[in-house]
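Structure at a glance
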Amino acid sequence: MNNITLSAVGIMIPLLGTTIGAAMVLLLRRSPDSRVQKALLGCASGVMIAASVWSLLLPAIEMTEQRGGVPWLPAVTGFLTGVAVLMLLDRILPCCDTADEGDHGSRMLTLAVTLHNIPEGMAVGVAFAGALSPDAGIPMAEAMILAVGIAIQNLPEGMIISMPMAGTGTKKGRAFASGFLSGVVEPIGAAITLLVTSLIVPVLPFILSFAAGAMIFVVINELIPEAQSGKGGCWGVCGAALGFSLMMLLDVALG
């Protein structure tokens, strides 16, 4: 397959992860054990942290260095801007707690996860935009690894939407659809990013770093607290270590 076809396939990979996670509501009679949920959330955290470093920040630094700029400047400013923008959105837009009960809480959880999927889709789109640009120096394999990594961390996200909804009496088909739709914004955001590649390439290091900051905000604000809540927080730690190691291995070995 040529690079354009690979990119088209690649931007759909994260949605596959969300779909598989949401489909668990159709396959399982009840929600997974809390320890399993904590391990999955921890794994998602580890994957996103490693992806932010190896697939976004380091390429941004290397790209700036190759262009003769100050290597750390777009990385630092983009990262902090990403964190600040997500923090602002988190305060302005309706937020939720996974402990909320009833249909309203489920809708708010779906909204929150959907909003947090936007920077992930943007990160994938930026990576493939860089892979398609001859001047960016981002290998196609690295963009694919990022897409796979985000798909892995989307598995528990799909589950934490569909399973609680089914637990509150929502039909399983509707619960699955809600989980699936929360991930649709990722390929849409990635596709839009790819369509404006020519505009993105000049500021690609900043945008890569922005996506990294947005993803780290989601990890710190959402995933880690949930993985550490209540008893059995060590399962979240183990999952995070495993997820980080897996993503690091993929990036170093195949990138």
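Here is what the cut-offs are and how they apply
Residues numbered from 1 in each chain as written. Predicted model: local features only at pLDDT ≥ 70, side-chain atom pairs only at ≥ 80, totals over all residues. Heavy atoms only, no water. Helix = DSSP H or I, 4+ residues; strand = E, 2+ residues; numbered from the N terminus. Buried < 20%, exposed > 50% of the residue type's maximum accessible area, 1.4 Å probe, protein only. Areas by Shrake-Rupley, 256 points an atom, 1.4 Å probe, with all protein chains shown as cover. Disulfide = S-S within 2.5 Å. Patch = residues over 30% accessible without salt bridge, like charges linked within 9 Å, V, L, I, M, F, W, Y side chains within 5 Å. Salt bridge = Lys/Arg side-chain N within 4 Å of Asp/Glu carboxyl O. Phe/Tyr/Trp six-rings, centres within 6.5 Å; stacked < 30°, edge-to-face > 60°. Axes fitted to C-alpha atoms, helices over the stretch in contact; angles between N-to-C directions. Parallel < 35°, antiparallel > 145°, perpendicular 65-115°, else oblique. Left-handed = near helix turned anticlockwise from the far one by under 90°. Contact = heavy atoms within 4.5 Å. Nonpolar A, V, L, I, M, F, W, Y, C, P; charged D, E, K, R; others polar. Core = buried A, V, L, I, M, F, W, Y, C linked by side-chain atoms within 4.5 Å. Expected span 1.5 Å × (residues − 1). Bend = angle between axes of the 7 residues up to and from the residue. Polar contact = N/O pair within 3.5 Å; in protein donor to acceptor, adjacent residues only side chain to side chain.

1. Thoughts on the overall build of the protein
A count of helical and extended segments in the protein gives 10 helices and 0 strands. Looking at the protein as a whole, 49% of its 255 residues are labelled buried. As presented, the protein carries roughly 11,700 Å² of accessible surface, and 71% of it is formed by carbon and sulfur atoms.

2. Considering the state of the cysteines
Throughout the structure, instances matching the rule amount to 0 disulfides. Looking at the unpaired Cys234, the closest cysteine sulfur is the one in Cys238, lying at 5.7 Å.

3. So, a nonpolar patch on the surface
Among the surface-exposed residues, Val70, Trp72, Leu73, Val76 and Leu80 lie close enough to one another that they form a single nonpolar patch of about 470 Å² accessible area. Position of Val70 among the secondary structure elements: in the loop between helix H3 (34–66) and helix H4 (72–92). Residue Val70 is classed as partly exposed on the basis of its relative accessible area, which comes to 42%.

4. A few points about the packing of aromatic side chains
Across all of its chains, the model carries 2 aromatic pairs by this definition. Consider the rings of Trp54 and Phe244, whose centres lie 5.6 Å apart with planes at 70°: the pair is edge-to-face. Of this pair, Trp54 sits in helix H3 while Phe244 sits in helix H10 (residues 233–254), and the two are 190 residues apart along the sequence. Looking at Phe244, the relative accessible area reads 26%, which means it is partly exposed. Taking the centre distance of 6.3 Å and the plane angle of 25° together, the rings of Phe176 and Phe180 count as stacked. Within this pair, Phe176 and its partner Phe180 are both found in helix H7 (residues 172–195), separated by 4 residues, close to a single helical turn.

5. Here's the deal with the packing of H4 against helix H9 (residues 204–228)
One can describe the packing of H4 onto H9 by two numbers: an axis separation of 6 Å at closest approach and a directional angle of 45°. The angle between H4 and H9 falls in the class oblique. Every pair of crossing elements has a handedness; the one defined by H4 and H9 is right-handed. Together, Pro74, Ala75, Thr77, Gly78, Phe79, Thr81, Gly82, Val83, Val85, Leu86, Met87 and Asp90 of H4 and Pro205, Phe206, Ser209, Phe210, Ala212, Gly213, Ala214, Ile216, Phe217, Asn221 and Glu222 of H9 make up the contact between the two elements. Classifying every residue of the contact of H4 with H9 by side-chain character gives 14 nonpolar, 7 polar and 2 charged.

6. Notes on the nonpolar core
The biggest cluster of nonpolar side chains holds 44 residues, and the ones touching the most others in it are Leu56, Phe128, Leu146, Leu204, Leu208 and Met215. Broken down by element, the residue count for this core peaks at 11 residues, all from H3. For Met215, the residues in contact, after removing those within four places along its chain, are Met48, Ala51, Ser52, Leu56, Glu120, Ala123 and Ile150. Residues Met159, Ile161, Met163 and Ala175 belong to the second largest nonpolar core, which totals 6 residues.

7. Topic: H3
Given a rise of 1.5 Å per residue, 33 residues ought to cover 48 Å, and the 47 Å separating the end C-alpha atoms of H3 matches this to within 8%. A maximum bend of about 30° is found in H3 at Ser52. One or two residues past the end of H3 sits Gly68, with phi positive at roughly 85°.

8. Structural notes on the packing of H3 against H9
Axis angle and axis distance: for two packed helices, these are the angle between their axes and the distance between the axes, and together they describe the pair. Between H3 and H9, the least distance of the axes is 9 Å, while the angle of their chain directions is 165°. Considering their axes alone, H3 and H9 lie roughly antiparallel with respect to each other. Crossing of H3 against H9: the hand is left-handed.

9. So, the side chain of Thr64
Position of Thr64 among the secondary structure elements: in helix H3. Within the structure, the side chain of Thr64 is placed 2.8 Å from the backbone oxygen of Ala60, a separation counted as a polar contact. With sequence-adjacent residues up to four places away left out, Thr64 is seen in contact with Gly69, Val70, Pro71, Pro74 and Pro205.

10. Here's the deal with helix H2 (residues 13–27)
One full turn of an α-helix is made of 3.6 residues, so residues set three or four places apart face in the same direction. The terminal C-alpha atoms of H2 lie 21 Å apart, and with 15 residues this matches the ideal 21 Å at 1.5 Å per residue to within 8%. Those residues of H2 that fall on the buried side of the exposure criterion are Ile13, Pro14, Leu15, Gly17, Thr18, Thr19, Gly21, Ala22, Ala23 and Val25.

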